[in-house]
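As a plain string of letters, each chain reads:
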Amino acid sequence: MRILGWLVLLLAMLGWSAWFVVCNVYEFAPRLDPWAFGYGWLLAVLAGAFARRNGWSLCALAGSVGLYLLLIHRGMGDGSARGLLLLTSAAIVGVTWWIRRAKR
């Protein structure tokens, strides 16, 4: 499950990177928020390192990235979609920390 979680998170971030380049560089669609993009990569690296043994949390982080991109694609406001990304990722990291602490 650990390898699957890393693979899913990597694919989600690579997909977001490709979409970011298409929207911001080639201007085929409205521009994406660079702060959310930077937060997503920071989240993938730091929280991924924190949750490296929990495959479910890595898949959940990828799901939060996918939810953010779906909401942006569907036209939800940039601020509310970014807020939802922050909220879901903080909840995932919090639950992962709580489970990790309970196992000790």
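Presented here is a report on the structure given in the accompanying data block. In this text, all values refer to a predicted model and were calculated from it rather than measured experimentally.

### Remarks on a positive patch on the surface
Where like charges cluster on the molecular surface, the positive patch consists of Arg2, Arg52, Arg53, Arg100, Arg101 and Arg104. Along the chain, the position of Arg2 falls in helix H1 (residues 2–24). Residue classification places Arg2 among the partly exposed positions, given a relative accessible area of 45%.

### Structural notes on the nonpolar core
Counting residues in each nonpolar core, the largest one holds 24 residues, and the members touching the most others are Leu9, Met13, Trp16, Leu32, Leu61, Val65 and Tyr68. Within the residue set of this core, elements represented by two or more residues are H1, helix H2 (34–50), helix H3 (55–73) and helix H4 (78–102). In terms of residue count, H3 provides more of this core than any other element does, 8 residues in total. Contact partners of Leu32, with chain neighbours within four places excluded, come to Trp16, Trp19, Phe20, Cys23, Asn24 and Ile72.

### Quick look at a nonpolar patch on the surface
A contiguous nonpolar patch, built from Val21, Val22, Val25, Tyr26 and Phe28 and spanning about 520 Å² of accessible area, is present on the exposed surface. Mapped onto the secondary structure, Tyr26 falls in the loop between H1 and H2.

### Considering the pattern of salt bridges
Taken as a whole, this structure holds 1 salt bridge when the rule is applied. Arg82 is the partner of Asp33 in a salt bridge, and the nearest nitrogen-oxygen pair spans 2.6 Å. In this pair, Asp33 sits in the loop between H1 and H2 while Arg82 sits in helix H4, placing the two residues 49 residues apart along the sequence. For Asp33, a relative accessible area of 10% gives the class buried.

The rules behind each value
- Residues numbered from 1 in each chain as written.
- Predicted model: local features only at pLDDT ≥ 70, side-chain atom pairs only at ≥ 80, totals over all residues.
- Heavy atoms only, no water.
- Patch = residues over 30% accessible without salt bridge, like charges linked within 9 Å, V, L, I, M, F, W, Y side chains within 5 Å.
- Areas by Shrake-Rupley, 256 points an atom, 1.4 Å probe, with all protein chains shown as cover.
- Salt bridge = Lys/Arg side-chain N within 4 Å of Asp/Glu carboxyl O.
- Lys, Arg positive; Asp, Glu negative; His and termini not counted.
- Charge placed at Lys NZ, Arg CZ, Asp CG, Glu CD.
- Helix = DSSP H or I, 4+ residues; strand = E, 2+ residues; numbered from the N terminus.
- Buried < 20%, exposed > 50% of the residue type's maximum accessible area, 1.4 Å probe, protein only.
- Core = buried A, V, L, I, M, F, W, Y, C linked by side-chain atoms within 4.5 Å.
- Contact = heavy atoms within 4.5 Å.

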